[in-house]
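Examination of the molecular architecture
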Amino acid sequence: MPSLKDLRNRIASVKATRKITKAMQMVAAAKLRRAQEAATAARPYAERMDKVLGNLNARANREGASALLVGNGKDQVHLLVVMTAERGLCGGFNTNIAKLARADAQRLVASGKTVKIMTVGRKGADNLRRDLGKNIVERVDLRGVRQVGFANADEIGQKLIAMFEAGEFDVATLYFAEFKSVIAQKPTALQLIPAKLPEAAAGDGKKAEAGAVYEYEPEEDKILGYLLKRNITTQLFRGLLENAASEQGARMSAMDSATRNAGEMINKLTIKYNRQRQANITKELIEIISGAEAL
Amino acid sequence: MAGTFKFELVSPERILISGDAEQAVLPGSEGQMTIFAGHAPVVTTLRPGMIEVAIGGASKKIFVKSGFAEIDAERVTVLAEKAYEAGELDAARVAEELRTAEAELADAKDDEAMLMAASAVEQLRALGGKAA
């Protein structure tokens, strides 16, 4: 049976924890709003990009097309770009992304492919290091970055393209958590290279028509080559932003339930404390009364 | 004049300009182009340079560092990788951009990259002169 002092200490410590989780929840809520705004602001660019790429894709000559679009004909070396947070305490956020990437990595290894991993964010590297440590070829650290910008995505994009051109991998896939809502973040895999483009021509008469009238300056293949590189960066940027929003959302709900659990624990401990105190008083009273009766 | 068209300048991080414009000058990769309403549909890449757009009588100048534009009869959409309004550009920022552009010029691998970087340097030098 813990003494009264022990109980008092525990109550105080749980209360302090609750204050911290409460504060973290509120910080996450504020950051979430900013992250969501950033994600919304980035959407028009990505949409236009998709549209133009779709149009180009429908018209461009596939034979001479860039390897970024049609692949380099091989399917041997896979690069998994795993985006996670820099910090923990956000529920299953980091674990879920890592789990998805790990499952895919194991499936690829089992079918005889070579797997390389590039981690963006410290938590992913920590999580995958134990069993896939030797596969991690590159780590990008965004710890010092407060608000992810296009420049961060560009840096990763340049690295990816350089690696692809040096023939270090054949297929690249991006792993990140898509932001569905504050309580739901869906770990997602997105193939970056060869690019998966929206098929504008397939069965969509209106889009194909709109695409048919454009003139291209310089010629289509050149624009397509340029845009494909841009597109990788745009996709990475989107991944970063979605991840940032998801991370804050996950942290918010994790901290919300932590705060609630702390509250419940405090209630339980307080009842226990009061009972104990009352028991002590009763015991003392009995001692006094029986002492008085004995006289 | 054929009236106005919808002009949008979008960078990955935000929409910089959105409005009805009478005229826009874009630094196309194959030459400067002036656009009025009713332009033939074109998709073009941009080289570093100034975009000048006339919206509601006022003219706005924006420096863009590469990107591309989608033009048709009633709308122009510019997707710029990096864009600064002329007012946002101060000497420090110009100097910084100039440094990156010069570095790019130094290690440009092919003619095209060299051309892009050279035109960035040239544009920024001109700007730097103004800002300083």
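Since this is a predicted model, take the numbers as computed values, not measurements.

What follows concerns the environment of B:Leu9. All names here are of chain B. Note on placement: Leu-9 falls in strand β1 (residues 5–10). Relative accessible area serves as the criterion here: at 0%, Leu-9 is assigned to the buried category. For Leu-9, the residues in contact, after removing those within four places along its chain, are Ile-15, Leu-16, Ile-17, Ile-51, Ile-62, Val-64, Val-78 and Ala-80.

On to helix α3 (residues 93–110) of chain A. Helical geometry: 3.6 residues make up each α-helical turn, so side chains three or four residues apart lie on a common side. Residues and elements named next belong to chain A. Between its first and last C-alpha atoms α3 spans 26 Å; for 18 residues at 1.5 Å apiece the expected length is 26 Å, and the two agree. If you check which residues of α3 are buried, you get Phe-93, Asn-94, Ile-97, Ala-98, Ala-101, Arg-102, Asp-104, Ala-105 and Leu-108. Buried residues in α3 make contact with β1 (77–83), β2 (114–120), α4 (122–132), β4 (171–179), β5 (185–193) and α7 (220–294).

On to the sheet that holds β1(A). All names here are of chain A. In space, the five strands of this open sheet follow the order β3-β2-β1-β4-β5, with mixed pairing throughout. The sheet terminates laterally at β3 (136–140) and β5, the two strands that pair on one side only. With strand direction ignored, the average angle separating the axes of adjacent strands in the sheet is 20°. Looking at chain direction, β1 and β4 are connected through five bridges and run parallel.

This next bit is on the pairing of β3(A). Residue and element names in this part refer to chain A. For β2 and β3, the ladder comprises four bridges, and the chain directions are parallel. Residue pairing across strands places Ile-117 opposite Ile-136, the latter belonging to β3. Note that the unit made of β2, α4 and β3 has a crossover that is right-handed.

This brings us to the domain arrangement of chain B. All names here are of chain B. Segmenting chain B into domains produces domain 1 (5–86) and domain 2 (90–127). Relative to domain 2, the C-alpha centre of domain 1 lies at a distance of 21 Å. Listed per partner, the contact involves ten residues of domain 1 and nine residues of domain 2. Summing both sides of the interface, domain 1 and domain 2 together bury roughly 850 Å²; the carbon and sulfur share of this comes to 64%. Counting across the interface, domain 1 meets domain 2 through zero salt bridges. The interface formed by domain 1 and domain 2 includes zero residue pairs in polar contact (both at pLDDT 80 or more).

Turning next to the environment of B:Pro41. When you line up the elements, B:Pro41 lands in the loop between β3 (31–35) and β4 (42–46). With 31 residues separating them in the primary sequence, B:Pro41 and B:Asp72 have C-alpha atoms 3.9 Å apart.

Right, let's talk about the interface of chain A and chain B for a bit. Opposite the 23 residues of chain A that make contact, chain B presents 26 residues. Taken over both partners, the interface formed by chain A and chain B buries close to 2,200 Å², and the fraction arising from carbon and sulfur atoms is 62%. By the criterion of area lost to chain B, the three top residues of chain A are A:Tyr45, A:Arg48 and A:Glu217, representing 30% of everything that side buries. With its nearest N and O atoms 2.8 Å apart, the salt bridge here joins A:Arg48 to B:Glu8.

For the rest of this paragraph, the subject is the environment of A:Leu108. Residues and elements named next belong to chain A. Turning to its location among the elements, Leu-108 is positioned in helix α3. Expressed as a C-alpha distance, the spacing of Leu-108 and Ile-11, which sit 97 residues apart in the sequence, is 50 Å. Dropping the residues within four chain positions of it, Leu-108 is found in contact with His-78, Leu-80, Lys-113 and Val-115.

So, about the nonpolar core. All names here are of chain A. Ranked by internal contacts, the top residues of the largest apolar core, which has 48 residues, are Phe-169 and Leu-236. Elements supplying a minimum of two residues to this core: α1 (4–59), α2 (67–70), β1, β2, α5 (150–165), β4, β5 and α7. Here this core takes nine residues from α7, the largest share from any one element. With sequence-adjacent residues up to four places away left out, Leu-236 is seen in contact with Met-83, Ala-153, Ile-156, Gly-157, Leu-160, Leu-174 and Leu-192.

Criteria and thresholds
- Residues numbered from 1 in each chain as written.
- Chains lettered and ligands numbered in written order.
- Predicted model: local features only at pLDDT ≥ 70, side-chain atom pairs only at ≥ 80, totals over all residues.
- Heavy atoms only, no water.
- Helix = DSSP H or I, 4+ residues; strand = E, 2+ residues; numbered from the N terminus.
- Buried < 20%, exposed > 50% of the residue type's maximum accessible area, 1.4 Å probe, protein only.
- Contact = heavy atoms within 4.5 Å.
- Expected span 1.5 Å × (residues − 1).
- Pairing = 2+ DSSP bridges.
- Axes fitted to C-alpha atoms, helices over the stretch in contact; angles between N-to-C directions.
- Right-handed = clockwise from strand over helix to strand, strands pointing away.
- Domains from an automatic or database assignment.
- Buried area = accessible area lost by both parts, 1.4 Å probe.
- Salt bridge = Lys/Arg side-chain N within 4 Å of Asp/Glu carboxyl O.
- Polar contact = N/O pair within 3.5 Å; in protein donor to acceptor, adjacent residues only side chain to side chain.
- Core = buried A, V, L, I, M, F, W, Y, C linked by side-chain atoms within 4.5 Å.

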